[in-house]
Amino acid sequence: MRAVRHIVGVVLFAVLLFGLLGPFLPLGSTTAVQGAPFASASVAHPLGTDFLGRDTLARVAAGGQTLILQALAATAAVSVVGILLGAATGMAAGRRAAVPLRVLDGLSALPPLFVLVLLASGSPGDDLLVVAAIATVTTPFSVRVIREATHQIRDTAFARTAWARGDGVLHRLRHDVLPGIAEAVWADAGVRFVAAVQLAATAGFLGLTAGAPTANWGRMVRENLVGATINPLPVLVPSILIIALALGFTLLTDRLSARTGADISGAAVV
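Along each chain, residues carry numbers from 1 onward, in the same order as the chain's sequence is written. Only residues with pLDDT of 70 or above have their local features reported here, since the model is predicted, and side-chain atom pairs are shown and tallied only from 80 upward, although totals for entire chains, interfaces and linings are computed over all residues. As a rule here, side-chain values cover all heavy atoms of the structure and leave hydrogens and water aside.

### Considering the UniProt feature "transmembrane region" (unreviewed entry) in the protein chain
Inclusion rule: UniProt positions are given in the numbering used here, feature names are shortened, and annotations may be inferred rather than shown by experiment. Where helices and strands are cited, they refer to DSSP runs of H or I of at least four residues and of E of at least two residues respectively, numbered from the N terminus.
Sequence positions flagged by UniProt for "transmembrane region" (unreviewed entry) are, in local numbering, residues 68-91, 103-122, 128-146, 193-213 and 233-252. Helix makes up 100% of residues 128-146 and strand 0%, and the two end C-alpha atoms of the span are 25 Å apart.

In structure tokens form, the structure reads like this:
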């Protein structure tokens with residue numbers, strides 16, 4: 001079982017590297033017409049051609065970098081904000097945490113796709129706006145998860161002891177809370193990355209990222225749907241890569257979460 005999981009992890013990690021480094025591979029032009037539209041796979045074109053007759057493999061290789069970087073940037077931003085606000089509101093007592101939480105609750109009530117379209121459509125092709133939109137719709141959930149984890153740590157005996165002996169809030173956050181919520185942070189990051197990949201792919205599908213002829217896995221699915229019955233590879237391959245990317249990052253964060261939890265338990269025993 002462990003060997004299977006290891007192989008799956010290696011394969012999925014390879015997808016991440018392929019997406020990031022794909023644009024640098026010597027696979028030829030991503031924009032030049034190479035043959036008839038939706039030509040079948042051949043030696044010259046292992047994945048056939050797309051709806052304009054361009055090489056599908058070259059476009060797949062070039063189409064994942066932006067999506068991955070958008071998802072990683074959004075996940076990093078959400079994790080930072082989630083830790084700061086989640087830990088702060090989790091440590092706060094009474095009504096001091098009410099205002100930021102109500103604002104976040106209002107944001108979480110908005111449909112993610114609506115926010116994505118609203119923010120990103122103002123300047124189509126701006127990758128930073130797509131990242132901002134993804135972070136906006138996913139931050140409230142991260143804050144809630146981290147806040148709950150902080151609450152559990154705050155109510156433990158060692159945290160109460162630190163409070164009783166007069167340790168400052170920052171000292172307690174650094175030495176008591178953050179090590180205790182590390183496992184929850186990694187697990188939450190995995191979930192947020194999956195959501196970020198889905199939204200980044202949706203942005204590409206809707207044409208909110210850099211326009212044609214720039215390759216994008218999400219837009220490739222939309223562009224080639226009309227010929228899916230002739231040559232399904234231009235639709236299937238980017239779709240499978242998007243799924244594998246999300247699963248691969250989730251497995252990675254699960255492993256980091258488990259390792260972090262083991263380190264914390266070992267430290268507690270010592």
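Moving on from the model shown.
### Comments concerning unusual backbone geometry
In this model, Phe38 sits at a positive phi of 55°, which is unusual for a non-glycine residue. For Phe38, the position within the fold is in the loop between α1 (2-21) and α2 (56-62).

### A short note on the pattern of salt bridges
Spelled out, the test is: What makes a salt bridge here is a side-chain nitrogen of Lys or Arg within 4 Å of a carboxyl oxygen of Asp or Glu, nothing more. Classification of residues uses two cut-offs on accessible area relative to the type maximum, computed with a 1.4 Å probe and protein chains only: under 20% is buried, over 50% is exposed, and between them is partly exposed.
For the structure shown, the criterion picks out 5 salt bridges. Between Asp188 and Arg192 there is a salt bridge, and its shortest N-O distance comes to 2.8 Å. Of the two residues, Asp188 and Arg192 both sit in helix α8 (residues 169-205), 4 residues apart, roughly one turn of that helix. By the burial criterion, Asp188 is buried, and Arg192 matches it.

### Regarding a nonpolar patch on the surface
This is how it is decided: Note on patches: the residues involved have over 30% relative accessible area and no salt bridge, like charges join within 9 Å, and the nonpolar side chains Val, Leu, Ile, Met, Phe, Trp and Tyr join within 5 Å. All accessibility values rest on the Shrake-Rupley procedure with a 1.4 Å probe; residue burial counts only the protein chains present in the view.
Together, Val99, Val103, Leu107, Leu110, Phe114, Leu118 and Leu119 make up a nonpolar patch on the protein surface, roughly 610 Å² of accessible area in all. Listed by contribution, the elements that provide at least two residues to the nonpolar patch are α4 (98-108) and α5 (112-120). In this structure, Val103 sits in helix α4.

### As for the confidence of the model for the protein chain
Basically, it comes down to this: The score called pLDDT rates the predictor's confidence residue by residue, from a low of 0 to a high of 100. Between two residues, a contact is recorded if the distance between any of their heavy atoms is within 4.5 Å.
Averaged over every residue, the pLDDT of the protein chain is 81; the share at 70 or more is 80%. At the level of individual helices and strands, the protein chain shows its lowest average pLDDT in helix α7 (residues 157-164), which scores 58, and its highest in α2, which scores 95. Under a pLDDT of 50 for its full length, residues 262-270 has, in the predicted model, 3 contacts with residues more than four places off or in other chains.

### Considerations on α5
The condition is simple: This arc is taken over the directions from the axis of the helix to the C-beta atoms.
Along α5, the residues classified as buried are Val115, Leu116 and Ala120. Along the axis of α5, the buried residues cluster in a sector spanning 105°; they form a single face.

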